[in-house]
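Fold and geometry: a report
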Amino acid sequence: MQSASSSKVGAAAWLVGPAFFGLAAWLWFGGGGVEIPRRPDVPVDLRRLSTAPRRVTIGDPPTIRINNYERHCNDCHQVFEISEEQRANRMQHQHVELQHGINVQCRHCHDARDMNGLLLRDETHIAFAEVDRLCAQCHPKVHEDWVLGIHGRINGHWDPAQGEVRKLGCIECHDPHRPRTPAMDRLAPLPGPHTLRMGEPAVHGELHHPEERDPLRRAAQGLGASKAEEHR
Amino acid sequence: MTERTVDRRNFLRASLGAAGGMAAFAAAVSPLKDFDTSDLTLEGFLQKHYKEMTPEDKEQALERIRKEVEERYAVRPELRDLPPIDGVEFGYALNLGRCIGCRRCVHACVEENNQSRDPEIQYIRVLELPRGSIDVERSDHHYDDREVPNPDSFYMPVQCHQCANPPCVKVCPVEATWREADGVVVVDYDWCIGCRYCAAACPYFARRFNYAEPEIPKERLNPNMNYLSNRPRKKGVMEKCHFCLQRTRAGRMPACLEVCPVGARQFGNLLDPESNVSQILKTKQIFVLKQEAGTLPRFFYYFD
Amino acid sequence: MKTYLEFLARCFRLSFVGDWRYYTWMFALTAIALLGLNAYCRQLVDGLATTGMTDQVSWGMYIANFTYLVGMAAAAVMLVIPVYIYRRHELHDLVIFGELLAVAVIFMCLAFVTVDLGRPDRFMHLFLRLNFPVSMLSWDVIVLNVYLLLNLHICGYLIYCAYRRKKPARAFYIPFVFIAIVWAFSIHTVTAFLYVGLGSRPFWNSAIIAPRFLASAFAAGPAFIILTLQVIRRFTGYRITDEALRILKGIVTVALTINMFLLGCELFVEFYTGSTHAVSMHYLFFGLHGYDALVPWIWTAVALNSAALVVLYTPASRRIWVMDLACVAMIVGIWIEKGMGLIVPAFIPSPLGEVVEYLPTWNETLVCLGIWAAGLLVYTILVRVTVPVLKGDLVHEEAATGTDRVARSADRTQSARVEGAPGSA
């Protein structure tokens, strides 16, 4: 019995070496690589990441280009006086579409006597650079926030000791003639996240058509549903 | 069978087994031939923890990293190790009433901070939420509307909140992440062992792990680098938003703020009572995300 | 010292000797371990992207196995407690197998933690700047390694004494046995604290997790030992009584009952409260937004555990094979429940409400299988050399100088094995 078992041992032990060689060969040639789901990088157009103000302002004192000549406002307006009727004939200012609440005439903001600047309600003439004082007349709360650095954007430095604190002015974002342009706060979003092995976004799209149990939100969604449809 | 033949047989059998075993072992470890050993330098291995480095050690480490970056990206980086500024604790405030969810901040951050493009790593997540609730469980991270904002939604960007009581720092077994004097939670990418415990501990999903070797197009590398912030990372380590230390410790605004088209983001020094963030804390209605977690964020949301 | 080295050398040689079943078993384990090593090398080259883990689900199968195995290691004391505290001497000679299991399993635990690291080359940093006592992971590193040393000492000392035919000096091991008992509780409690201390994960942030861990560990661990002891009895002829198995069965039954009760408590609190914190639990049991990868698994676990519990309380389980079946069901059930079922759902949805599911990759699975195989390999070798020593087949007085002696003693073991076989059937 003992000899039988030891010969069995022998036979089995002989197989170990070749079996390992087989395993080695399989690992070397057959062992496949690992699939890592890759996604070709689609670089975002850097122009869409511009930190420039959204509006280009026309300088102080402002200039306008007519027939290839840079002109100051007063170059013309010393000659052409603006009157109550001027809105009918806007001459060089065809593109201006004035939709700014109760301000329906140029002279409500511009100083008709000296068009290089603006006019406050108390008849003070101010330069274009101080436009925020003009805005502050009707928007004091926002202006207060802007002064404190709460409203609007600050480019450059947060620390005045180390560099320029470039606080963007009112009209570097808002169009003074038409502050509520549809395009003011509407943008095409940049691509959403696409992390490794993310799979299909789970709650995506469901947000606007959920099974809503909360009565408050249900009502809110009922009201907004048509708008959302239109939007998508 | 004599003793001799048995012995010889035993010996042969054992040798064959041992040779086979060694061959199989060699074959098993053969994938290591593709291992990128540039990551395993002796200098890197012996490098001390950031807080234990002498100025000379630091300069040596900075020089090593400069060389590595230059070799890999063919760009000589402006790598520095900016210290926290005395009397400054950074705070961030975000106006939820303004944010339109355009994701400019997300991508400006990627460009500024040299995140991996593939696999994709982004520090900022913008959540689209239905009006009337700030329940993040109902948020959509993947909205792809033609234009934003959706009139029924509001948007909440989330990034590292630089907690004053950071759970991620607490759990790190090797102190590879800590809170700096200016309140920013940083990671020593050369010390992190990659256990991802901090990712499990973070209530804001702010931590990102390099599951593979990061890929950054050479021409998109930002050469303005800082040791504790946006220098290129290696695979296997954790990273996160650090309020653009390479900028903010030089007095500049973070990249996500400068790109915001609606001015929803405000950044400044909380210890300066006149700073914009201090004013916001004083005058606006503020809330912090997951206050119940007790993390004391330095990132505030407000409305106006 | 020389004797000790000689002892180690003889043990080493002995581990290569056995019959064809032994060779087949050892070859299979080695082969799987090598496949795992191969997969791990690929992971080293390509990074943890080779696993199914993501930023959203940042821990997966590795940590799940780790958690399960810490419990298994802790459960080794369930053999020790009856002997040294309740004086149940049926188990006295079996204690060593529990402790050996603890050694092998802690080895597996450490392996699972290591493969989970993104930068294993920086392992040194744990010694250079361990964040103790703040980080629970630093506690875990310490308690696990100390537990390993404690068990190595106890086993090593007892086996070496048996080899030298010396009576073990109680002062050299009894205190360590008692420390090990307390320590076993500590390793699993600390491991539970890893998870429950995280306020960001409501699924884990529950005080009941630690007791649940211990209860499930003291069910699955002894269940595994019941099976192991029968294997040892079958193949080595070592004397193991059915009575010993029944004592363990009693422990298993009570522990499983407590485990199911605590799970029920947890489920009640989560679902009855109905707060948003139950969302992970909801994902686990019913799915979320149509995502339900874990739902079949957890219900399988519940079914297996319930079936095992019912069977263990019926007289049918007096029959060994019925009891074995219940043990297998419970081992699998608890592996699912506290492995994948406890780790993965905590990450789903993410703290910001994103649902990304976790699916282990084949590479990751191979690494896990490899570690299990390596652990079993270690355990087999430990048992392989321990049994002849305890039976007195491998002793110092016979002072071996050549392979033939060892082979002879091994042959004796085999013949004993053949003799022992019918007894166990």
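Keep in mind the model is a prediction, meaning the values are calculated, not measured.

The helix and strand tally for chain B stands at nine helices and twelve strands. Taking 304 residues into account, the globule formula puts the C-alpha radius of gyration at 19 Å, and chain B, at 25 Å, lies well above it. Taking all 304 residues of chain B together, 67% fall into the buried category. A separation threshold of at least 6 residues defines the contact pool for chain B, and within that pool the share at least 24 residues apart is 66%. Carbon and sulfur atoms make up 55% of the accessible area of chain B, which amounts to about 10900 Å² in all. Averaging the coordinates of the 42 positive side-chain charges in chain B and doing the same for the 44 negative ones gives two points 3 Å apart.

A cluster of nonpolar residues, Leu42(B), Phe45(B), Leu46(B), Phe123(C), Met124(C), Phe127(C) and Leu128(C), forms a patch on the protein surface that exposes about 770 Å² of accessible area. Per element, the largest residue contribution to the nonpolar patch is three residues, and it comes from helix 2 (residues 42-46) of chain B. Here Leu42(B) is to be found in helix 2. A relative accessible area of 62% places Leu42(B) in the exposed class.

All names here are of chain B. Counting buried positions along strand 10 (residues 265-269) yields five of five residues, so the element is predominantly enclosed. Both strand 2 (residues 90-95) and strand 10 contribute to a ladder of five bridges, which runs antiparallel. If you follow alanine 93 over to strand 10, its bridge partner there is glutamine 266.

Let us look at the nonpolar core. Ranked by size, the top nonpolar core spans 167 residues in total, and within it Phe97(C) and Trp204(C) carry the most contacts. For this core, the element with the most residues is helix 5 (residues 95-116) of chain C, which contributes 15 residues. Each residue touching Phe97(C), except ones within four places of it in the same chain, is listed here: Leu229(C), Ile232(C), Tyr238(C), Tyr379(C), Val383(C) and Val387(C). In terms of nonpolar packing, the next biggest core, distinct from the first, is built from 64 residues, Met53(B), Ile124(B), Leu257(B) and Ala264(B) among them.

The interface is formed by 82 residues belonging to chain B together with 66 residues belonging to chain A. When the two sides are added together, the surface that chain B and chain A hide from each other amounts to roughly 6500 Å², 57% of it contributed by carbon and sulfur. Where chain B meets chain A, there are five salt bridges. Between Asp118(B) and Arg38(A) there is a salt bridge whose closest N-O contact spans 3.4 Å.

When two helices pack together, their arrangement is captured by the angle between the axes and the distance separating the axes. All names here are of chain C. Where helix 10 (residues 242-273) contacts helix 11 (residues 279-286), the two axes come as close as 9 Å, and the packing angle between them is 115 degrees. Classified by the angle between their axes, helix 10 and helix 11 sit roughly perpendicular to one another. Viewed along their axes, helix 10 and helix 11 form a crossing whose handedness is left-handed. Residues Glu266, Leu267, Glu270 and Phe271 of helix 10 pack against Met281, His282, Phe285 and Phe286 of helix 11. Here the residues of the contact of helix 10 with helix 11 sort into five nonpolar, one polar and two charged.

With that settled, consider unusual backbone geometry. In this structure, Pro133(C) follows Phe132(C) across a cis peptide bond, with omega equal to 5 degrees. Of note, Phe205(B) is a non-glycine position whose phi angle comes to about 50 degrees, a positive value. By the element assignment, Phe205(B) lies in the loop between helix 6 (197-201) and strand 7 (207-209). We classify Phe205(B) as buried; its relative accessible area is 6%.

As for its position among the elements, Tyr204(B) is in the loop between helix 6 and strand 7. The class for Tyr204(B) is buried, based on a relative accessible area of 2%. A sequence separation of 21 residues divides Tyr204(B) from Gly183(B), and the C-alpha atoms of the two residues are 17 Å apart. Contact partners of Tyr204(B), with chain neighbours within four places excluded, come to Val158(B), Gln159(B), His161(B), Cys163(B), Leu289(B), Lys290(B), Thr295(B), Pro297(B), Pro351(C) and Leu352(C). At a separation of 2.7 Å, a polar atom in the side chain of Tyr204(B) contacts the main-chain carbonyl oxygen of Leu289(B).

Residues and elements named next belong to chain B. The element strand 2 is extensively covered by neighbouring structure, given that six of its six residues are classed as buried. Taken together, the four bridges between strand 2 and strand 12 (residues 299-303) define a ladder with parallel strand orientation. Among the inter-strand pairings, tyrosine 92 is bridged to a residue of strand 12, identified as phenylalanine 299.

A separate point is the state of the cysteines. For the coordinates displayed, the defined rule picks out zero disulfides over all chains. Free cysteine: Cys198(B), not disulfide-bonded; nearest cysteine sulfur from Cys195(B) at 6.4 Å. You can see Cys155(C) has no disulfide; the closest cysteine sulfur is in Cys161(C), sitting 12 Å from it.

Enumeration over the complete set of coordinates arrives at 48 salt bridges over all chains. Note that Arg76(B) is salt-bridged to Glu70(B), the shortest N-O span being 3.2 Å. Between Glu175(B) and Arg129(C) there is a salt bridge, with its nearest N and O atoms 3.1 Å apart. Taken as a pair, Glu175(B) in the loop between helix 5 (167-171) and strand 5 (177-179) and Arg129(C) in the loop between helix 6 (125-128) and helix 7 (136-163) lie in two separate chains rather than in one. For Arg129(C), a relative accessible area of 15% translates into the label buried.

So, about the confidence of the model for chain C. All names here are of chain C. Summing up the model confidence of chain C, the mean pLDDT is 89 and the portion of residues at 70 or higher is 93%. Per-element confidence in chain C is highest for helix 12 (residues 295-313), whose mean pLDDT is 96, and lowest for helix 15 (residues 403-424), whose mean pLDDT is 41. Note on residues 398-425: pLDDT under 50 across the span, and 40 contacts to partners over four residues away in sequence or across chains.

The next thing to look at is the environment of Arg220(B). Residue position: Arg220(B) is located in the loop between strand 7 and strand 8 (224-226). Since its relative accessible area comes to 15%, Arg220(B) is described here as buried. Placed 106 residues apart in sequence, Arg220(B) and Asn114(B) show a C-alpha to C-alpha distance of 8.1 Å. Setting aside residues no more than four positions away along its own chain, Arg220(B) makes contact with Pro43(A), Val44(A), Leu46(A), Glu111(B), Asn114(B) and Arg117(B). Within polar-contact distance, the side chain of Arg220(B) engages the side chain of Glu111(B) at 2.8 Å.

It is worth spelling out the sheet that holds strand 2 of chain B at this point. Residue and element names in this part refer to chain B. Taken in spatial order, the four strands line up as 10-2-12-11 in an open sheet, and their pairing is mixed. In this open sheet, the two strands that pair with only one neighbour each are strand 10 and strand 11 (285-287). Across this sheet, the average inter-strand angle for adjacent strands is 30 degrees, counted without regard to direction. Contacts from helix 9 (residues 276-283) reach strand 2, strand 10, strand 11 and strand 12 within the one sheet, and its direction differs from that of strand 10 by about 110 degrees.

Quick notes on the rules
Residues numbered from 1 in each chain as written. Chains lettered and ligands numbered in written order. Predicted model: local features only at pLDDT ≥ 70, side-chain atom pairs only at ≥ 80, totals over all residues. Heavy atoms only, no water. Helix = DSSP H or I, 4+ residues; strand = E, 2+ residues; numbered from the N terminus. Rg over C-alpha atoms; globule rule 2.2 N^0.38 Å. Buried < 20%, exposed > 50% of the residue type's maximum accessible area, 1.4 Å probe, protein only. Contact = heavy atoms within 4.5 Å. Areas by Shrake-Rupley, 256 points an atom, 1.4 Å probe, with all protein chains shown as cover. Lys, Arg positive; Asp, Glu negative; His and termini not counted. Charge placed at Lys NZ, Arg CZ, Asp CG, Glu CD. Patch = residues over 30% accessible without salt bridge, like charges linked within 9 Å, V, L, I, M, F, W, Y side chains within 5 Å. Salt bridge = Lys/Arg side-chain N within 4 Å of Asp/Glu carboxyl O. Pairing = 2+ DSSP bridges. Core = buried A, V, L, I, M, F, W, Y, C linked by side-chain atoms within 4.5 Å. Buried area = accessible area lost by both parts, 1.4 Å probe. Axes fitted to C-alpha atoms, helices over the stretch in contact; angles between N-to-C directions. Parallel < 35°, antiparallel > 145°, perpendicular 65-115°, else oblique. Left-handed = near helix turned anticlockwise from the far one by under 90°. Nonpolar A, V, L, I, M, F, W, Y, C, P; charged D, E, K, R; others polar. Polar contact = N/O pair within 3.5 Å; in protein donor to acceptor, adjacent residues only side chain to side chain. Disulfide = S-S within 2.5 Å. pLDDT = per-residue confidence, 0-100.

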